[in-house]
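Here are the chains, one letter per residue:
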Amino acid sequence: MMAEKILPVTLFVSVLLVLSVDQASSDEPDHRYRQGDQVPFYVNKVGPFHNPSETYRYFDLPYCLPDRAKEKRLSLGEVLNGDRLVSGPFPIEFLRERKSVPVCKKKLSKEDVAKFRAVVHEDYYYQMYFDDLPNWVFLGMVDKRQQRYYLFNHIHLNIYYNKDRVIEITSHTHTNAVVELTEDKEVDVEFLSTVEWNETDFPFEKRMTKYSQSSSLPRHLEIHRNSVINSCMAVLLLAGFLAAILRILNNDSVKYANDEELAADQEETGWKCIHGDVFRYPKHKSLFAACLGSGTQLLTLTVFIFILALVGVFYPYNRGALLTALVVLYALTSGIAGYTATSFYCQLGGTNWVRNLLLTGCLFCGPLFLTFCFLNAVAVAYTATAALPLGTIVVIALIWTLVSSPLLVLGGIIGKNSKAEFQAPCRTAEYPREIPPLRWYRQTIPQMAIAGFLPFILIQTELYYIFASVWGHRIYTFYSFLFIIFITLLIVTALITATLTHLQLAAEDHRWWWRSFLCGGSTGLFIYAYCFYYYYALSDMSGFMQTSFIFGYMACISFGCFLMLGTVGYLAALRFVRHVYGSIKCE
């Protein structure tokens, strides 16, 4: 009931979010200019190419400061993304060309030379936005044979326009216009700029497609298609295997139901003999209910994110749109977590629902908050743009206080008053049955390894592209493929958890509640393990800040996947167990 009421409201807010993000992404609503109009031109963060999280303000480097450096007002998502847009060092006017025009002259001190040499050695680049079109420029180059360092001091911009609109911008630096920084001595530098305008008939509506072409090459499409085909095949195989198990169980139940004398004479063994214990409530039921509530919320959040992605909100370089959506939708779906956790907790006979609600609210947000505090302190120590301003922290705190927390409490109150009862087809015995000794491969850890490995193999290809996008410079645009993979991930998780639950019950082990949740969520542990492989084998990232950021935030993401997939695994196992034990006669 609660979820059915909240979902339409969240969808409506999501549509509003789509519109607001699209409208807030530019300085000019129609991007139309007349000759001589000043076109919005901003320089953004600067940082080492191999460490995407380690970024700094452009003017932290000893470049010439403009007379009026104006900071652009940014959205919440842009600030979270580390963007710090400042008006460019020189103005650009529509259809007005510049030919080697001096930007400024500056005498670099020994400290400035050493600073520039260090960033050139680490392959620093900076990002600029021209009429909301991104562009990247390296700061200098290194002659590795002679160990000489050079700083580019002349930037050449080629701008393409269609009538009164800007279509594309490209940039390059002149290798013969450099300043040598090899020695620690004062250097006089004159920074120059060239701007050329070229006409094109390319339509304005398709100008952003350039930034996704590299990810849409035929070889990448073929890789994604193969990944989807393999996932679908795994779903069919597991579905057939589970269907065979259900058919055997149904035939067994029908045989005993039709022949009562045979059922009376036959000694119950395996899964049938534990019908009096299979619905015995699990230990730590408050924590279990909180895990289900948080997992349900994260599952709903992920579905809404896919909806926004499929309607085209997260097009390439729509700055901060994804992070804004995550913050807003997480707050709006808090009521689902409160309702699910409290309702289930009360069904299990819990009485302290307030404590359960607090546990639900802190289960995911608590580790995320502690991780953020540590990583934000690291960013502050590095003076990086990843350090959030006080105003942004206050905004997030207000969203959590005024939106997320009230919805969580409201959902909890509705869940407490729903008076739903846990549906168990078998009556629970007064005393628990002794569990026979289990072989090592039937223990929790080996089954978690089995349950998590297969889903991880299915998503490993897409996981590489996601890592290369989040922790690299690749652009991800295959949201339709990713959505199919996500659906198959849920199905495979449900099928394999239900299968392992059957094997556990056949061994007369009735402790399937926590086991199903742990097995379903174990894919999250494999995702975090892949993080180590990607960092050390597939990337060139280094440094304490970048290392702490990737392993810190990926720990939170993997924990979220653990809760979400664990919830899917438990719900699948619950449906399987109800179906199996609902078809037999239990005295």
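Before reading further, recall that the structure is shown in the block above.
So, here is what we can say about the structure in this document. (Residues numbered from 1 in each chain as written. Predicted model: local features only at pLDDT ≥ 70, side-chain atom pairs only at ≥ 80, totals over all residues. Heavy atoms only, no water.)

### Things to note about the sheet that holds strand 4 (residues 124-130)
Part 1: With antiparallel pairing, four strands are arranged side by side in an open sheet as 2-1-4-5. Edge positions in the sheet fall to strand 2 (86-87) and strand 5 (133-138), since each has one partner strand and no second.
Part 2: Sheet topology places strand 1 (residues 41-48) next to strand 2; two bridges connect them, and they run antiparallel. Looking across to strand 2, one finds that tyrosine 42 is bridged to serine 87. (Pairing = 2+ DSSP bridges. Helix = DSSP H or I, 4+ residues; strand = E, 2+ residues; numbered from the N terminus.)

### With respect to the pairing of strand 4
Part 1: Within strand 4, seven of the seven residues are buried, which leaves it mostly tucked inside the rest of the structure.
Part 2: Neither face of strand 4 is open: one carries Tyr124, Tyr126, Met128 and Phe130, the other Tyr125, Gln127 and Tyr129, and all of them are buried.
Part 3: In this sheet, strand 4 lies alongside strand 1 in antiparallel orientation, the contact comprising six bridges. Bridged to valine 43 within strand 4 is methionine 128.
Part 4: Pairing of strand 4 with strand 5, which is carried by six bridges, proceeds in the antiparallel orientation. When the bridges of strand 5 are listed, phenylalanine 130 appears paired with leucine 133.
Part 5: The hairpin formed by strand 4 and strand 5 contains two residues between the paired strands, and aspartate 131 there has a positive phi angle of roughly 55 degrees. (Buried < 20%, exposed > 50% of the residue type's maximum accessible area, 1.4 Å probe, protein only.)

### Here we look at the packing of aromatic side chains
Part 1: Scanning the model with the defined rule gives 55 aromatic pairs in all.
Part 2: On the numbers, 5.3 Å between centres and 50 degrees between planes, the contact of phenylalanine 41 with phenylalanine 90 is tilted. Highlighted residues: phenylalanine 41 in strand 1 and phenylalanine 90 in the loop between strand 2 and strand 3 (98-108), separated in sequence by 49 residues.
Part 3: Residue class for phenylalanine 41 comes out buried when judged on its relative accessible area of 7%.
Part 4: Under the relative-accessibility criterion, phenylalanine 90 is labelled buried at 7%.
Part 5: Both rings, one in phenylalanine 549 and one in tyrosine 553, keep their centres 5.6 Å apart while their planes meet at 70 degrees; by these two values the pair is edge-to-face. Of this pair, phenylalanine 549 and tyrosine 553 both sit in helix 15 (residues 544-581), four residues apart, which is roughly one turn of that helix. (Phe/Tyr/Trp six-rings, centres within 6.5 Å; stacked < 30°, edge-to-face > 60°.)

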